[in-house]
Amino acid sequence: MNIRIGSGIDFHRLEEGRDFWLGGIKVPHTKGAVGHSDADVLLHAICDAMLGAACLGDIGEHFPDTSNEFKGIDSKILLARTNQIIQKENYRIINIDSSLCLQAPKIKPYVQQMQKTIADILGLTEKDVSIKATTTEKLGFVGREEGVVAYASVLLEKQ
């Protein structure tokens, strides 16, 4: 059995008046993340963890922010493409564990929908996708609501 683990991390600045995409869903908030794509920090961290586990580089290598092809792209598309990339190397996801670090909004009401969205894209069950959240107790750029951070770990199996 060939088991591999990967970790991913992503940061995005928050700005007033933008849509806030997390885990593939639009979360109501006065601020949204800024980025080349839709800036879904959670999906980006998961993509990086998947690619890292398979030793296939990172999200920026496969979907560069210098390419107009990815300008404003829905990160659910990036997640699906990342899954295709690892599948070509005969890997399959066993499970995902992730953490969001943000001061606001509270995401507990949205976690199940995020789990379903991610699971549906990757052909997993919702129980294979863990999403947790924490604050920084108002410390640092996250605590000042200037940005959001996501961490993800992915376990892959070579088939």
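Higher on the page you've got the structure.
Residues numbered from 1 in each chain as written. Predicted model: local features only at pLDDT ≥ 70, side-chain atom pairs only at ≥ 80, totals over all residues. Heavy atoms only, no water.

### Focus on the sheet that holds strand S5 (residues 91–101)
Formally: Only strands joined by at least two bridges in the DSSP assignment are considered to pair. Working definition: helices are DSSP H or I runs of at least four residues, strands are E runs of at least two. Numbering for both runs from the N terminus. To define axes, lines are fitted to C-alpha atoms, for helices over the stretch in contact only, and angles between the resulting N-to-C directions are given on a 0 to 180 degree scale. Contact between two residues is taken to exist if any of their heavy atoms lie within 4.5 Å; hydrogens are not considered.
With respect to topology, 5 strands assemble into an open sheet ordered S4-S1-S7-S5-S6, the strand pairing being mixed. Lying at the two open borders of the sheet, with one neighbouring strand each, are strand S4 (31–34) and strand S6 (129–134). On average, each strand axis in the sheet is tilted by 25° relative to the strand beside it, whichever way the strands run. Bridge count between S5 and S6: 6 bridges; the pairing is parallel. Residue Cys-101 lies in a different strand from S6, and its bridge partner there is Thr-134. Its contacts with the sheet place helix H1 (residues 41–53) against strand S1 (2–16), S5, S6 and strand S7 (147–158), and it is angled at close to 155° to S1. Against the sheet, helix H4 (residues 111–122) engages S5 and S6, with an angle of about 145° to S6.

### Here's the deal with unusual backbone geometry
Backbone phi values are negative for most residues with the exception of glycine, while trans is the configuration of most peptide bonds. Formally: To sort residues, take the accessible area from a 1.4 Å probe on protein chains only and compare it with the maximum for the residue type: under 20% means buried, over 50% means exposed, and anything in between is partly exposed.
Residue Pro-105 follows Ala-104 across a cis peptide bond; omega there is 0°. The backbone phi angle of Ala-39 is positive, close to 65°, even though this residue is not glycine. Among the structural elements, Ala-39 can be located in the loop between S4 and H1. Positioned with a positive phi, Glu-137 is a non-glycine residue whose angle comes to about 55°. Mapped onto the elements, Glu-137 comes out in the loop between S6 and helix H5 (140–143). Assessed through its relative accessible area of 63%, Glu-137 is described here as exposed.

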